[in-house]
Amino acid sequence: MRAIQMVDLKFQYQKIRDEIHTAINEVLENTAFINGPQVQRFAESLAVYNQSKHVIPCANGTDALQIAMMALDLQPGDEVITPSFTYIATTEVIALLKLKPVFVDVDPKTFCIEPEAIRKAITPKTKAIVPVHLYGQAANMEAIMEIAMAHNLFVIEDNAQAIGCDYHFSDGSMTKTGAIGTIGTTSFFPSKNLGGYGDGGAIMTNDDALADKLKMVANHGQSRRYYHDVVGVNSRLDTLQAVILEIKLRYLDQYINSRRAVAEAYDKAFAQQDAIRVPFRASNSRHVFHQYTLILEGIDRNKMQEYLASHNIPSMIYYPVPAHRQKMFDAYASASTNLPVTDWLTERVISLPIHTEMEEDQLNHITSKVLEFINP
Ligand SMILES: *Cc1c(COP(=O)(O)O)cnc(C)c1O
């Protein structure tokens with residue numbers, strides 16, 4: 001059996017090795033390492049795939065969030081509603097821009113921000129909502145967009161973990177996550193579902209004027225070279241990453257199906273176990289399984305991780321400390337915020353290996369060791 005990893009990037013690469021080498025060599029020969037024509041080509045391919053009118057590539061998913069908030073002209077002190085149960089980048093950029101993160105609780109089934117909690121957190125200072133499609137499943141965007149519309153709020157979808165996820169509205173229409181809110185952001189960090197071979201990110205919108213502003217902010221605040229209208233940043237996607245991502249985008253649906261097949265195998269193996277709750281599948285969202293995350297009930301999680309590790313099975317806690325309990329947010333007295341579901345989940349979640357190259361013997365080894373631990 002091949003060694004089990006949380007994400008097996010090497011095997012995935014080996015399967016597309018020739019295509020990748022050809023594309024990289026072409027960039028090397030042309031030496032347009034920054035802003036090569038392939039960057040715009042990739043942006044257009046992703047726009048078509050994601051049903052977004054505009055895609056603006058940038059340096060990483062954290063920059064994507066920051067640029068989104070800058071382009072919306074949010075002002076110091078403006079309140080931004082966000083889940084605490086997420087990767088730190090989502091909430092960090094809010095504080096970086098001197099905006100106020102307002103942490104709200106998540107739905108215990110979907111792990112995503114709870115619309116009712118958003119409604120209760122709205123004040124006259126609220127300007128934006130940042131839902132996160134955590135682990136690859138969409139937040140309840142229909143409810144979130146209704147709230148945003150009613151209160152005139154921006155919605156920035158943090159789609160770093162859910163690129164390719166279909167969201168179904170109750171009228172029967174379907175939209176990709178990241179193309180629903182005012183702006184969508186994503187990351188091409190190597191382990192993400194659409195991952196490059198280095199850092200990368202993108203910002204999406206259907207709004208023409210906003211697209212121009214996003215491009216400007218990402219490019220030193222200029223739309224005409226050396227004429228800087230607003231304070232911006234320097235955030236670009238390398239040409240090398242763009243050609244790699246262009247190739248991998250063609251495989252994204254296949255990659256998603258492989259991940260979903262792993263999730264289904266896990267679901268089946270754990271179906272009869274009262275001590276573990278398999279990931280909930282929201283009927284309005286097609287889960288793309290960036291992570292396969294269980295909720296453990298009455299099980300010693302540390303001991304389980306040790307047991308799995310002793311059998312060469314990695315596992316991860318995403319995330320061991322929720323944002324509102326991080327020291328960096330002490331100034332907002334966020335630790336006293338009452339987020340019972342977030343705290344409850346933080347103590348109980350565990351993510352098992354999931355990727356596009358999982359083999360049957362690996363899956364069988366993982367499921368049998370998990371079951372062995374639970375039923376000694
Ligand atoms: C990965 C990730 C980010 C940040 O992306 P980087 O490219 O690492 O900066 C932001 N939000 C979420 C939810 C993520 O998973």
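Given the structure is predicted, the values throughout are model-derived calculations rather than measurements.

Caption draft 1: Layout of the sheet that holds strand β13 (residues 292–296). Spatially, 3 strands are ordered β12-β13-β14 in an open sheet, and the strand pairing comes out antiparallel. In the strand order of this sheet, the two ends are held by β12 (276–277) and β14 (349–352), each with one partner. Across 2 bridges, β12 lies against β13 in antiparallel orientation. Bridge assignment links arginine 277 to a residue of β13, and that residue is isoleucine 295. In the packing of helix α9 (residues 239–270) onto the sheet, contacts are made with β12, β13 and β14, and the angle to β13 comes to roughly 20 degrees. The strands touched by helix α10 (residues 301–310) within the sheet are β13 and β14, with β14 carrying the most contacts at an inclination of about 15 degrees.

Caption draft 2: Here's a closer look at the packing of aromatic side chains. In the structure shown here, the tally under the stated rule is 15 aromatic pairs. Ring centres 4.7 Å apart and planes at 40 degrees place the aromatic pair tyrosine 266 and tyrosine 292 in the tilted group. Of the two residues, tyrosine 266 sits in helix α9 while tyrosine 292 sits in strand β13, which places them 26 residues apart along the sequence. Each of the two residues, tyrosine 266 as well as tyrosine 292, counts as buried. By the ring-pair criterion, three or more aromatic residues cluster together here, those being Tyr266, Phe270, Phe289 and Tyr292. One Lys or Arg, arginine 224, reaches over the ring of tyrosine 227 and ends 3.9 Å from the middle of that ring.

Caption draft 3: The side chain of glutamine 273, seen in detail. Residue position: glutamine 273 is located in the loop between α9 and β12. The class of glutamine 273 is buried, set by a relative accessible area of 18%.

Caption draft 4: Inspection of the packing of helix α3 (residues 37–50) against α9 at higher detail. Between α3 and α9, whose axes approach to 7 Å, the crossing angle comes to 20 degrees. Relative to α9, the element α3 is oriented roughly parallel. Relative to α9, the crossing made by α3 is left-handed. Only Thr239, Ala242, Val243, Leu245, Glu246, Leu249, Leu252, Asp253 and Ile256 of α9 make contact with α3, whose side of the interface consists of Gln38, Val39, Arg41, Phe42, Ser45, Leu46 and Tyr49.

Caption draft 5: Geometry of the domain arrangement of the protein chain. Domains assigned within the protein chain are domain 1 (9–104 + 111–250) and domain 2 (252–374). Averaged C-alpha coordinates put domain 1 and domain 2 at centres separated by 24 Å. At the interface, 40 residues of domain 1 touch 37 residues of domain 2. One can count 1 salt bridge joining domain 1 with domain 2. At the surface where domain 1 touches domain 2, the tally comes to 22 residue pairs in polar contact (both at pLDDT 80 or more).

Caption draft 6: Spatial organisation of the environment of glycine 232. Within the fold, glycine 232 resides in the loop between β11 (227–228) and α9. Residues glycine 232 and lysine 215, spaced 17 residues apart in sequence, show a C-alpha to C-alpha distance of 9.5 Å.

Caption draft 7: Focus on the site of the ligand. Around the ligand lies a shell of 14 residues, among which Gly61, Thr62, Asp158, Ser187 and Lys192 are the nearest. Asparagine 60 is positioned with one of its side-chain polar atoms (N or O) 3.5 Å from an oxygen atom of the ligand. One of the backbone N or O atoms of glycine 61 is found 2.8 Å from an oxygen atom in the ligand. Sorting the residues of the shell around the ligand by element identifies α4 (61–71) and α5 (88–96) as the ones contributing at least two each. By residue class, the composition of the shell around the ligand is 4 nonpolar, 8 polar and 2 charged.

Here is what the cut-offs are and how they apply
- Residues numbered from 1 in each chain as written.
- Predicted model: local features only at pLDDT ≥ 70, side-chain atom pairs only at ≥ 80, totals over all residues.
- Heavy atoms only, no water.
- Pairing = 2+ DSSP bridges.
- Helix = DSSP H or I, 4+ residues; strand = E, 2+ residues; numbered from the N terminus.
- Contact = heavy atoms within 4.5 Å.
- Axes fitted to C-alpha atoms, helices over the stretch in contact; angles between N-to-C directions.
- Phe/Tyr/Trp six-rings, centres within 6.5 Å; stacked < 30°, edge-to-face > 60°.
- Buried < 20%, exposed > 50% of the residue type's maximum accessible area, 1.4 Å probe, protein only.
- Lys NZ or Arg CZ within 6 Å of the ring centre and 35° of its normal.
- Parallel < 35°, antiparallel > 145°, perpendicular 65-115°, else oblique.
- Left-handed = near helix turned anticlockwise from the far one by under 90°.
- Domains from an automatic or database assignment.
- Salt bridge = Lys/Arg side-chain N within 4 Å of Asp/Glu carboxyl O.
- Polar contact = N/O pair within 3.5 Å; in protein donor to acceptor, adjacent residues only side chain to side chain.
- Near = heavy atom within 4 Å.
- Nonpolar A, V, L, I, M, F, W, Y, C, P; charged D, E, K, R; others polar.

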